[in-house]
2 protein chains.
Amino acid sequence: MKIIHIGILGYGVVGTGVANLLKQKKQLLESRTGAVLNLKTIADIDITTDRGIDLGTTNLVSDANLIINDPSIDIIVETIGGETIARKFILDSLENKKHVVTANKALLAGFGNDLVKAARKNMVDLAFEASCGGCMPIIKALRESLVANDIKSMAAILNGTCNYILTKISRDGSDFEDALKAAQALGYAEAEPSLDIDGFDTAHKLAILNSLAHGMEINLKDIHVEGIRNITAVDIEFARSFGYIIKLLAIGKTHEDHVEARVHPTMISSSNPLSHVDGSMNAIAIDADATGQTMLYGHGAGMMPTASAVLSDIVDIARNIISGAKTRVPILGYPEDNIKPIPILPMEELYTKYFLRFEAQDHPGVLAKISGILGDNNISIKSVHQKGRKSNGKVPVVMITHIAREAWVQKALKQISKTDSVVGDPILIRIEETDQE
Amino acid sequence: MKIIHIGILGYGVVGTGVANLLKQKKQLLESRTGAVLNLKTIADIDITTDRGIDLGTTNLVSDANLIINDPSIDIIVETIGGETIARKFILDSLENKKHVVTANKALLAGFGNDLVKAARKNMVDLAFEASCGGCMPIIKALRESLVANDIKSMAAILNGTCNYILTKISRDGSDFEDALKAAQALGYAEAEPSLDIDGFDTAHKLAILNSLAHGMEINLKDIHVEGIRNITAVDIEFARSFGYIIKLLAIGKTHEDHVEARVHPTMISSSNPLSHVDGSMNAIAIDADATGQTMLYGHGAGMMPTASAVLSDIVDIARNIISGAKTRVPILGYPEDNIKPIPILPMEELYTKYFLRFEAQDHPGVLAKISGILGDNNISIKSVHQKGRKSNGKVPVVMITHIAREAWVQKALKQISKTDSVVGDPILIRIEETDQE
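Residues numbered from 1 in each chain as written. Chains lettered and ligands numbered in written order. Predicted model: local features only at pLDDT ≥ 70, side-chain atom pairs only at ≥ 80, totals over all residues.

(A) Molecular detail of helix 7 (residues 160–172) of chain B. Residue and element names in this part refer to chain B. The end-to-end C-alpha separation of helix 7 is 18 Å, in line with the 18 Å expected for 13 residues at 1.5 Å each. For helix 7, the buried fraction is high: eleven of the 13 residues fall into the buried class. Within the sequence span of helix 7, burial applies to Gly-160, Thr-161, Cys-162, Asn-163, Tyr-164, Ile-165, Leu-166, Thr-167, Lys-168, Ile-169 and Ser-170. One or two residues past the end of helix 7 sits Gly-173, with phi positive at roughly 70 degrees. (Helix = DSSP H or I, 4+ residues; strand = E, 2+ residues; numbered from the N terminus. Expected span 1.5 Å × (residues − 1). Buried ≥ 20, exposed ≤ 12 C-beta atoms within 10 Å, placed from the backbone.)

(B) Focus on the relation of the copies chain B and chain A. The transform that puts chain B on chain A rotates by 180 degrees and translates by 0.0 Å along the axis, for an RMSD of 0.0 Å. The relationship between the two copies is best expressed as a two-fold rotation axis. Taken as a fraction of all interface residues of chain B, those also at the interface in chain A reach 100%, which identifies the copy contact as same-surface. (Least-squares fit on C-alpha atoms with pLDDT ≥ 70 in both. Contact = placed C-beta atoms within 7 Å.)

(C) Here's a closer look at the pairing of strand 11 (residues 281–288) of chain A. All names here are of chain A. Burial analysis of strand 11 places seven of its eight residues in the buried class, which makes it a mostly covered element. In this sheet, strand 11 lies alongside strand 7 (residues 151–157) in antiparallel orientation, the contact comprising six bridges. Looking across to strand 11, one finds that Ser-153 is bridged to Asp-287. By the bridge criterion, eight bridges tie strand 11 to strand 12 (residues 292–299) in an arrangement that is antiparallel. (Pairing = 2+ DSSP bridges.)

(D) Looking closely at the packing of helix 1 (residues 13–24) of chain A against helix 12 (residues 303–323) of chain A. Residues and elements named next belong to chain A. Contact geometry for helix 1 and helix 12: axes closest at 8 Å, N-to-C directions at 60 degrees. Helix 12 is crossed by helix 1, and the crossing has right-handed handedness. Residue-level contacts link Val-13, Val-14, Thr-16, Gly-17, Val-18, Asn-20 and Leu-21 of helix 1 to Met-303, Met-304, Thr-306, Ala-307, Ser-308, Val-310 and Leu-311 of helix 12. Split by residue class, the contact of helix 1 with helix 12 holds nine nonpolar, five polar and no charged. (Axes fitted to C-alpha atoms, helices over the stretch in contact; angles between N-to-C directions. Left-handed = near helix turned anticlockwise from the far one by under 90°. Nonpolar A, V, L, I, M, F, W, Y, C, P; charged D, E, K, R; others polar.)

(E) Looking closely at the sheet that holds strand 4 (residues 75–78) of chain A. Spatial strand order, 3-2-1-4-5-6 (chain A): six strands in an open sheet with parallel pairing. Each of the sheet's edge strands pairs with one partner strand only, and the pair in question is strand 3 (59–61) and strand 6 (126–127) of chain A.

(F) Highlighting the nonpolar core. Counting residues in hydrophobic clusters, the biggest one holds 288 residues, and the most contacted among them are A:Ala283 and B:Ala283. For B:Ala283, the residues in contact, after removing those within four places along its chain, are B:Ala156, B:Ile157, B:Leu274, B:Val277, B:Met295, B:Leu296 and B:Tyr297. (Core = buried A, V, L, I, M, F, W, Y, C linked by C-beta atoms within 7 Å.)

(G) Examining the interface of chain B and chain A more closely. Of the residues lining the interface, 52 residues belong to chain B; the matching set on chain A comes to 52 residues. Taken together, the elements giving at least two residues each to the side of chain B that touches chain A come down to helix 2 (26–33), helix 6 (138–145), strand 12 (292–299) and helix 12 (303–323) of chain B. Among the elements that take part in the side of chain B that touches chain A, helix 12 of chain B stands out by supplying eleven residues, more than any other. Classifying every residue of the side of chain B that touches chain A by side-chain character gives 23 nonpolar, 20 polar and nine charged. Note: strand 12 of chain A against strand 12 of chain B, three bridges, orientation antiparallel. Its bridge partner being in strand 12 of chain B, A:Met295 is matched across the sheet by B:Tyr297.

(H) The arrangement of the domain arrangement of chain A in detail. Residue and element names in this part refer to chain A. Examined at the domain level, chain A breaks down into domain 1 (2–135 + 303–338), domain 2 (138–299) and domain 3 (347–432). Contact residues are listed per partner, giving 20 residues for domain 1 and 23 residues for domain 2. At seven residues, the largest contribution of residues to the side of domain 1 that touches domain 2 is made by helix 5 (residues 105–121). A breakdown of the residues in the side of domain 1 that touches domain 2 according to their chemical character gives ten nonpolar, eight polar and two charged. (Domains from an automatic or database assignment.)

(I) Representation of the sheet that holds strand 1 (residues 2–9) of chain B in the model. Residues and elements named next belong to chain B. Judged by pairing direction, the sheet is parallel, and its six strands sit side by side in the order 3-2-1-4-5-6 without closing on themselves. Two strands bound the open sheet, and with one partner strand each, they are strand 3 (59–61) and strand 6 (126–127). As paired elements, strand 1 and strand 4 (residues 75–78) share four bridges and run parallel to each other. Each residue of the ladder has a partner; that of Gly-7, found in strand 4, is Ile-76.

Structure representation (C-alpha cells):
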C-alpha cells in the first residue's frame, strides 16, 4: 500500500485535532484512500505538554524545518495561525514542492494571492477547506459543485462567537457585555474578542469566499466591516416586531462589473432559513442561477469540525497523488490566468433598506422634523413606530425605509443628529431581503 | 485548448437542462476547466419537438448507439430514466470505456452494485450527484468531505412532492387529496403520484446515501418504506401541540454490526433544523463524529438544479481527464474491495418513541383499557391527551410513548384494535429526537 507522509506545523488546538483524526481514523482513511496516511512529524515550539495523543512512531520536534525540508514528506498542514511565521513556513513548503493544507483565513485573506501564485509555480496544491465555515464543505461546493452556476448572492453567518452572543441577547434580553462574558465562559470567545465581535474574522472568510464565487483576486481591504458591539436587546425586540431577526452577516453580491462585499449586523426575515441558525452554529446561503437558493449549515469552528475539514483536504490531495493528478482543481476555482481583480462597490453606493432608531424628544413636531430630513435626502419611509418606553422625556422612534442609497442615509442621519429633536447617535441596521420577500 | 466530447442520452426535462447549461455556460465552463466541454450529440426517440435550445453544431439523433459507439465521446450523460433501456445503455457505455453521469436513482438503487462493478472493470467513472438531493452536493460531501468521519446518523427530506403536501396540510389544514391536487397543479406531483407519495423515491435515495455513508453495498429491498397518504391535519395539529412537526424522513443510523434504513412520516421537534424545511425544499442532516450536526438544504428536483448537479459531475470528470487522473475517487466512496454488505435492522427490532392516536369510545374505562394493553406489552406512556372533538360518541385519545420496541407496539395496537374500546385502525407515527432533546 502506498504511504503518504504528512507533517503538521503547530500542535495547538487544530493541530491536535488533526493528529487525533489521523491516528484514530487510520483504518477508515486507509479503507477510503487505499493508502497509508502516515503522520510522520509534528513541529511545535512546545514539545513537552501532553496533548493526550498517543503519537506512536510520529516525531514531535521543535524545528519546523525538519518537516519543511524532509524530502519524504508529501503534505504539510499549517495550523500555527497568524500572518508572519505561518506565511514564511507555507511559502518555504510550497517552494519545496510540498502540498499545503491550512485553516489560516487571516493569512489567506491578507496574502492569499501570493500563496496561490507560489503553489501554482511549484505545481502543488494549496487547500483550505477549514478556513471558512469549519466542517461545512463550502470551499468544495464553490470550486467543484456550483461550477456551472453564476453566483448571484451569498449571505452567511460565519462567526460562531457573534452568533452565540446575538442569540443570547435575543433569547434572554442580556446586554452585550453579559452575553460576551457568557461566550467567554463557554470558550466561544477569546479574552481579546475583537477579531470575532468586530467582524474581522467574518471579513477574512468573506474575502476568500468572494474570490471563489467570482474568480476574482482575494480582496480584503475593500470589504466594509462592522461588528456587533452596538446591538442591543431593544433593537432585537424592535426587529422582531417587524418580523426580523438580527444576524452578523457576510454578504456578497454580483453585479455587471463589480461585486458587493460587506460584513455588518443585518435584519433578515424570520422566513429566511438563516434566521433559524442559532447559538454558535454557522450557515452559508447561496443563491445561484441554476440551483436557486441553497444552504450549508454546521459547526464553523471547534477542534474536531475544523480537523474534519483539514482531513478532507488531506484525502483530496492523497487521492490526487495516488491517481497521478497534478493541479487537478484550480486553487481558487478558476485557472490562475482567468482570475482578475473585480472592484468591490464602495459602501456609499450601496442601495438597500434600513432600520433606523432615534432617541427622540417627546414633543410635537419631532417626527415631522426627522421624516422631513429623510425626505429631503430622497429616503422614503415604509413604516414608523413611535410608542411606549418613555424615559427622561425621550421616546424611541423607529423607522423602516424603502430602498435607499447609503450615502443619502448617512447624510440624513448626520443632519438629524445635529437637530435638537434627537439625543445621541441614531442606530442604523441594514435590512436584507431575498427575492421572494 | 483540450476538447472533451459529451453525449446526452434522453432529451427530456433533465437532458434539456443539461444541454441548456452546457450551451449557456460554455464560457464559464471553459474558464473553470481550461477545456472545451463540447456537447457533440444528443439522442432521443423524439427528434422533432423544439426544446428551445439552440443546438448549434450539436447533433440530435434517434439512435443512442451513435453516442455509445462514437469513439470521440468521453462522457455520456444518461437522463432517460427507468430501469430497462437506461440500464442497457449505461452498461454498454461503460463497456465502451465512456465515463457515465446519471441522475437515475431508481436504477442506482436497484442495480447500482452491478453498474459500479462495470465502471471499475473498465476503469471509468460513474457519477450521480444529481440522483440524491438535486443541487445539494450530498454525494460529494459523503465521498470527499466527511471522509474522516464515522457517520452516526442521517435524517433527510428527499422528496419535494411529499414535503410540499405536508407543508400545505400543515399550513391550511387541507386534507391529503386536496393538497395532492394542489401539488399536481403546480407540477410538483405526477399524475400517477405513487413513486413520490408512497415513499419509494425517498427510499431509492436512502439506499444510495446509506451505501456512501457506510461503505456498504446498495440495498434497497430491506429498507422499510411508508408514505404520507394517511397523514391528516388532525395529526399535524396534535403533533404541534406536543412541539413536533411531521416530515417524511429518510433515516439512516449506524450500529455496531448493522444499520437502520427506513422511510416513514416522522415527528421531529420544532428545534430540529429539518423542521423549518418547508414547501418543495429538501434537506439532509448528518450527525458525524468529528463534525457533529451538519445540514445541506436546497432544491431537490427541477430542471436546472438537477442539471447543475449533472454539470458538477461532468466538470469533475473533465478535471480528471485533463489532469490524467483515473478512478480518482471510489464510486461509492470506498475502494470496491472494501465494500461489504451490512445488514439493515428489521423493522420489528427498531426501538424508538411513538405517537399513537386512537378513535376511542367516549365512556369510562377506555383509557385504562388502552393503557393497560400498552403496559402489558412493555410500552410506557410519556403523555396522554384525551380532549374535545367528540363526534358520534367518539373521542381521539393521543399518546406519546417512551422508547419502545416496534414489535411490541405493533402487537399492542393489534390487541387494542380488537377491543370494543376503539373504532378503526390506530394511527402510529414514529418520533425522532436528536441527542440534545
